[in-house]
Amino acid sequence: MGRQHVILHLVSDATGETLIAASRAVASQYQGVDLIEQIHPMVRSAAALEDVLREIEAEPGIVLFTLVEEEHARRLMAACAAIGAPCLSLLAPIMALFQSYIGAAAASRPGAQHSLNAEYFRRIDALNYTLGHDDGQQADSYEAADVVLMGVSRTSKTPTSIYLANRGVKTANIPFVPGAALPKSLEELRNPLVVGLVASPDRIVQIRTNRILSIEADPESPYVDRRLVAEEIAQSKRLFDARGWPMIDVTRRSIEETAAAIISLHKSRKAKLKPAA
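Described in the following lines is the structure provided in the data block. Only a predicted model underlies this, so the values are computations on that prediction, with no experimental measurement involved. (Residues numbered from 1 in each chain as written. Predicted model: local features only at pLDDT ≥ 70, side-chain atom pairs only at ≥ 80, totals over all residues. Heavy atoms only, no water.)

In this structure, Val 148, Met 150 and Leu 186 are the most contacted members of the largest nonpolar core, which totals 33 residues. Every element with two or more residues in this core is listed here: strand 5 (147-151), strand 6 (171-175), strand 7 (193-198), helix 7 (201-214), helix 8 (226-243) and helix 9 (255-273). For this core, the element with the highest residue contribution is strand 7, accounting for five residues. Not counting the four nearest positions on each side in its chain, Leu 186 is found in contact with Val 148, Met 150, Ile 174, Val 194 and Trp 245. Of all hydrophobic cores here, the second largest spans 14 residues; its members include Val 52, Leu 53, Ala 73 and Cys 80. (Core = buried A, V, L, I, M, F, W, Y, C linked by side-chain atoms within 4.5 Å. Buried < 20%, exposed > 50% of the residue type's maximum accessible area, 1.4 Å probe, protein only. Helix = DSSP H or I, 4+ residues; strand = E, 2+ residues; numbered from the N terminus. Contact = heavy atoms within 4.5 Å.)

Across the interface, helix 2 (residues 46-58) lies against helix 3 (residues 70-83) with an axial gap of 11 Å and an inter-helix angle of 20 degrees. If you check the angle between helix 2 and helix 3, you find them roughly parallel. Read as a crossing pair, helix 2 and helix 3 show a hand that is right-handed. Residues Ala 46, Leu 49, Glu 50, Leu 53, Ile 56 and Glu 57 of helix 2 pack against His 72, Arg 75, Leu 76, Ala 79 and Ile 83 of helix 3. (Axes fitted to C-alpha atoms, helices over the stretch in contact; angles between N-to-C directions. Parallel < 35°, antiparallel > 145°, perpendicular 65-115°, else oblique. Left-handed = near helix turned anticlockwise from the far one by under 90°.)

What follows deals with the sheet that holds strand 2 (residues 33-40). The sheet built from four strands is open, its strands ordered 2-1-3-4 with parallel pairing. Edge positions in the sheet fall to strand 2 and strand 4 (87-89), since each has one partner strand and no second. Strand-to-strand twist across the sheet, computed as the mean angle between neighbouring axes with direction ignored, equals 20 degrees. As judged from the eight bridges shared by strand 1 (residues 4-12) and strand 2, these two strands associate in the parallel manner. Opposite Val 11, over in strand 2, you have His 40 as the bridge partner. (Pairing = 2+ DSSP bridges.)

When two helices pack together, their arrangement is given by the angle between their axes and by how far apart the axes lie. Two numbers describe how helix 7 lies on helix 8: the axes approach to 9 Å, and their chain directions differ by 120 degrees. Taken as axis vectors, helix 7 and helix 8 run oblique relative to one another. As for the relative orientation of helix 7 and helix 8, their crossing is right-handed in sense. Packed against helix 7, whose contacting residues are Pro 201, Asp 202, Ile 204, Val 205 and Arg 208, the element helix 8 presents Arg 226, Val 229, Ala 230, Glu 232 and Ile 233 at the interface. Of the residues contributing to the contact of helix 7 with helix 8, the split by class is six nonpolar, no polar and four charged. (Nonpolar A, V, L, I, M, F, W, Y, C, P; charged D, E, K, R; others polar.)

Everything listed here is a matter of coordinates, which is why it stays silent on function.
In structure tokens, the structure reads:
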């Protein structure tokens, strides 16, 4: 059978990030299906909604939406029903559950999750810190980090750090280089959780080879020699074991899965360090 192409309209009164994440999580469970995403963000007026409805009518497909304004939601559902397009509110069942438990209706505030609150500024602060402490930079201020990542080249340290920063976790990352001295500040850390990232030699060689080819460098470089790569990884593991730093094998993990494991380790460590009441 050939691949099936499905048009997916994502209608949001905010950025649409919630819809994108949820729909892609579900779509990943279906092999042979290619989603053609039509993202319609910031739909907060009747005029904007009518523009979206014209696009849906021109290219019908599955419609998912997060519209907290009830009149707009009703209009969208009615229009979709008229043309036979399946339509679902992602928020409605969750809001109904909250309402039944809390006993009060939610306020209709489009995009409220993106308000400039303390959590928002905490994430911005984490991102600024993380960008300034990438790849071994500013080693003298690692103590301000929540997490410090270390691993050989191409163990996804930087993308994992950025993902953690977007979750409000200040993250520094340091490359492990055989024979190179560790930053002195690393030996004196008290606050951050230090995590070692490792991967199989085959996986590291594959990623490094792709990198070498992309920059048209020497394909025979020691950087992609499997024996040397295996020894690099073995040395890094010995260091992590000696320091008692937890290790995460990223060979078959996505960035999100690696970050989730790190966040879990960080929470557990904070709980252990928290003084008894």
